Amino acid sequence: MRKQFGVVAGALIAGVLVVGCTGNVGDSGGGDSKKLVLIPGVADEPFYISMQCGAETKAEELGYELGTQAPTKFDAAQQTPILSGVVSNKPGGILIAPTHATAMASPIKQARDAGIKIVEVDTALDDTSVALSSIASDNAKGGELAARTLAKLVGDKGPVLVINTKAGTSTTDARARGFEDALKAFPGMTSLGVQYNNNEAAQAASIVTATLAAHPDLAGIFATNLSSAEGAATGLRNANKLGQVKLVGFDASPKQVEDLKAGTVQALIVQDPGGIGAKGVEQAVAAIEGKPVTRTIQTDMVAITQADMDANSKYFYKRKC
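What comes next is a walk through the structure. None of these values were measured; they are calculated from a predicted model. (Residues numbered from 1 in each chain as written. Predicted model: local features only at pLDDT ≥ 70, side-chain atom pairs only at ≥ 80, totals over all residues. Heavy atoms only, no water.)

## Structural notes on empty space enclosed by the protein
- On inspection of all chains with the given rule, the structure shows two cavities of 30 Å³ or more.
- Around the largest cavity, the lining is made up of 16 residues, and of these Glu-45, Tyr-48, Asp-122, Thr-172 and Asn-225 lie nearest the centre.
- The set of elements that each furnish at least two residues to the lining of the largest cavity consists of helix H1 (46–62) and helix H5 (170–183).
- Here the lining of the largest cavity gets three residues from one element, more than from any other, and that element is H5.
- Looking at the lining of the largest cavity residue by residue, the classes come out as four nonpolar, eight polar and four charged. (1 Å grid on protein atoms, 1.4 Å probe; cavity = no way out; pocket = protein on both sides within 12 Å on 5 of 7 lines; lining within 4 Å. Points joined across faces, edges and corners; volume = space filled by probe spheres on them. Helix = DSSP H or I, 4+ residues; strand = E, 2+ residues; numbered from the N terminus. Nonpolar A, V, L, I, M, F, W, Y, C, P; charged D, E, K, R; others polar.)

Next comes the structure, spelled out in structure tokens:
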């Protein structure tokens, strides 16, 4: 199904983007258990678009209507009013990627208390009692995979840096922890710690510039998400260090795939967002229909390099469904 993109007017804060699927959710003004709403972490990001595509396909297959509404920034202050607006329309279920592990707890609890089935996709609250199910990549293992991949690229030696997005983001924090833990198996490598870019590529580029000034022998970088990886690549390009400092990114947006092909990024740790969306719909529908629900579902990841990218193209993220 071809879906339309529009802007919320009146009920939600100005500037909040709505990604409508078969129209805005709740147009009828009443509750509808056959309606589901996906609230991703941010609009127009290929990871979440790919998740939406998987969720749409599964919802249609199961006879449900899926709407998607997303904030323009990965920010709890923007996601909260969107969630409140969705709750007022009383859909049967909400699939949400919480933009903060604690700040989103109260508004999501309010949605649950309104009788709506809550499923977490990608990110999750610290409070595991709120959602009925959480579907995400095994992010700690993804971080471990990134450490092993980067170690191979740098010959198991030299200082390395982790660039993370926002502190309190469950998925990327787990990736950083997994990376740091796995790094202990490589005594020739030293960690320069974790720095945060506030989900802004420009800040990630600045972090790289400052790190290179302090540590000109920097051997590698692990960037925990799309903005971190794209910004790190820019910083290395500005310093004429592309290819010299090895970069492992997370996710496979079209831009990141281009960077991998060009040698700007040496490896990508890739998720299956479409699968996460589809499984999220399955769990929401099961809850609505009174069937058993699985509390935690973890999906696998794969490390892709320039040498095997063509064979793994099915993992690349989409710009549209």
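## Thoughts on the pairing of strand S4 (residues 65–69)
- Most of S4 is tucked away: four of the five residues are buried.
- Bridging between strand S3 (residues 32–39) and S4 involves four bridges; their strand directions are parallel. Among the inter-strand pairings, Leu-38 is bridged to a residue of S4, identified as Thr-68.
- Considered for its hand, the β-α-β crossover made up of S3, H1 and S4 is right-handed. (Buried < 20%, exposed > 50% of the residue type's maximum accessible area, 1.4 Å probe, protein only. Pairing = 2+ DSSP bridges. Right-handed = clockwise from strand over helix to strand, strands pointing away.)

## Quick word on the layout of surface pockets
- Approximately 370 Å³ is the volume found for the largest pocket.
- Contributing to the lining of the largest pocket are 22 residues, with Ala-124, Ser-134, Ala-136, Ser-170 and Gln-298 lying nearest its centre.
- Elements supplying a minimum of two residues to the lining of the largest pocket: strand S6 (117–121), strand S7 (133–137), helix H4 (139–154), H5 and strand S13 (296–299).
- Here the lining of the largest pocket gets four residues from one element, more than from any other, and that element is S7.

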